[in-house]
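Understanding the architecture of this molecule
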Amino acid sequence: EAKPQLIGSRCTSCKSYFFPKQSLYCANPNCDGETFEDVPLSRTGKIWSYTNTCYAPPAPYVPTTDPFQPFAIAAVELDTEKMVVLGQVVKGVDVDKLKLGMKMELVLETLFEDEQNEYLVWKWKPVAA
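Below or above, wherever it landed, is the structure these notes cover. (Residues numbered from 1 in each chain as written. Predicted model: local features only at pLDDT ≥ 70, side-chain atom pairs only at ≥ 80, totals over all residues. Heavy atoms only, no water.)

1. Let's talk about the overall build of the chain
What counts, and what does not: Going along the chain from the N terminus, every DSSP run of H or I of four or more residues is numbered as a helix, and every run of E of two or more is numbered as a strand. Exposure classes here rest on a 1.4 Å probe applied to the protein chains alone. A residue is buried below 20% of its type maximum, exposed above 50%, and partly exposed in between. Any two residues having at least one pair of non-hydrogen atoms within 4.5 Å are treated as being in contact. Surface accessibility follows the Shrake-Rupley procedure with a 1.4 Å probe radius. Residue values consider only the protein chains on display as shielding. Charged residues are defined narrowly, with Lys and Arg counted positive, Asp and Glu counted negative, and His plus the chain ends left uncounted. Charge coordinates come from a single atom per side chain, which is NZ of Lys, CZ of Arg, CG of Asp or CD of Glu.
Of the regular secondary structure elements, the chain holds zero helices and eight strands. In the chain, the order of α-helices and β-strands from amino to carboxyl end is β-β-β-β-β-β-β-β. The C-alpha extent of the chain, read off along each of the three principal axes, is 50 × 35 × 35 Å. Looking at the chain as a whole, 33% of its 129 residues are labelled buried. Considering only contacts within the chain whose residues lie at least 6 apart along the sequence, 51% involve residues at least 24 apart. Surface exposure of the chain reaches about 8500 Å², of which carbon and sulfur atoms provide 52%. For the chain, the distance from the average site of its 13 positive side-chain charges to the average site of its 17 negative ones is 9 Å.

Here it is in structure tokens:
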């Protein structure tokens, strides 16, 4: 079974990575590049920062509990690209279980389900020691 990966872009001129994908101009102030290639990003990284949500995010966020229950968010520095990607942390892992520098991996988790579909979202999960 294939493991999930985020798809980013890399400037063909300066080799800078971007997520979400960049397609118009290179955001590196030292580069005038306008050509990009799609690249799979690292599935693992280390926590750079983290927090919890104390209120429901605005649309298009889909609430999964009523009333709203806070969840953790982690900013993870990807192993290869050395860029920081922000995302939710899997259910059951609260901020009291997170530490700076903790190894994380990208996983898929069910966001919500209806009668026809299961909607998936990517999240960060601590790597088992």
